[in-house]
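# Structural overview for review
Listed here are the chains, written in short residue letters.
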Amino acid sequence: MADDQNKQKQKKGQINIELDENVAQGIYSNLAIINHSQSEFILDFVSIMPGVPKSKVKSRIILTPQHAKRLLRALNDNIQRFEKAHGKVKEQEQPTMPLNFGPTGEA
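The rules we used
- Residues numbered from 1 in each chain as written.
- Predicted model: local features only at pLDDT ≥ 70, side-chain atom pairs only at ≥ 80, totals over all residues.
- Heavy atoms only, no water.
- Salt bridge = Lys/Arg side-chain N within 4 Å of Asp/Glu carboxyl O.
- Helix = DSSP H or I, 4+ residues; strand = E, 2+ residues; numbered from the N terminus.
- Pairing = 2+ DSSP bridges.
- Buried < 20%, exposed > 50% of the residue type's maximum accessible area, 1.4 Å probe, protein only.
- Polar contact = N/O pair within 3.5 Å; in protein donor to acceptor, adjacent residues only side chain to side chain.

Moving on, we get to the pattern of salt bridges. As enumerated under the stated definition, the model contains two salt bridges in all. When the shortest N-O distance is used, the salt bridge between Arg60 and Asp44 registers 2.6 Å. You can see Arg60 sitting in strand S3 (residues 57-63) and its partner Asp44 sitting in strand S2 (residues 41-46), a full 16 residues away along the chain.

Now for the pairing of strand S1 (residues 31-36). The sheet contact formed by S1 and S2 spans six bridges and is antiparallel. Bridging across to S2, Asn35 finds its partner in Ile42.

Below, the discussion takes up the side chain of Asp44. Judged by relative accessible area, Asp44 falls into the buried class, the value being 0%. In terms of polar contacts, Asp44 uses its side chain to reach the side chain of Arg60, at 2.6 Å.

Here we take up the environment of His36. Within the secondary structure, His36 is located in strand S1. Among the residues examined, His36 registers a relative accessible area of 53% and is labelled exposed.

Have a look at this one:
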């Protein structure tokens, strides 16, 4: 009986997350465009190829400001752990490129 209660307590605090096979493949991005309104952050992920003057947004993630801040902390924590294990990530200066991203909007 105690085992059943322990299992129920464990299940209560757990989330079962499934990863679809297509989503597991991921989408390559070498540019992120971040916009925000009063109520949300919008992250657009783009893959820009050399010599190709046009590109499309490959994925868009919309977050609450609170979740965006949690994501920032999680990324920072993971980068610190990565650098501790593999050495400092070298940032290369990116050339300035004009982005024609259409009109900006507010929600």
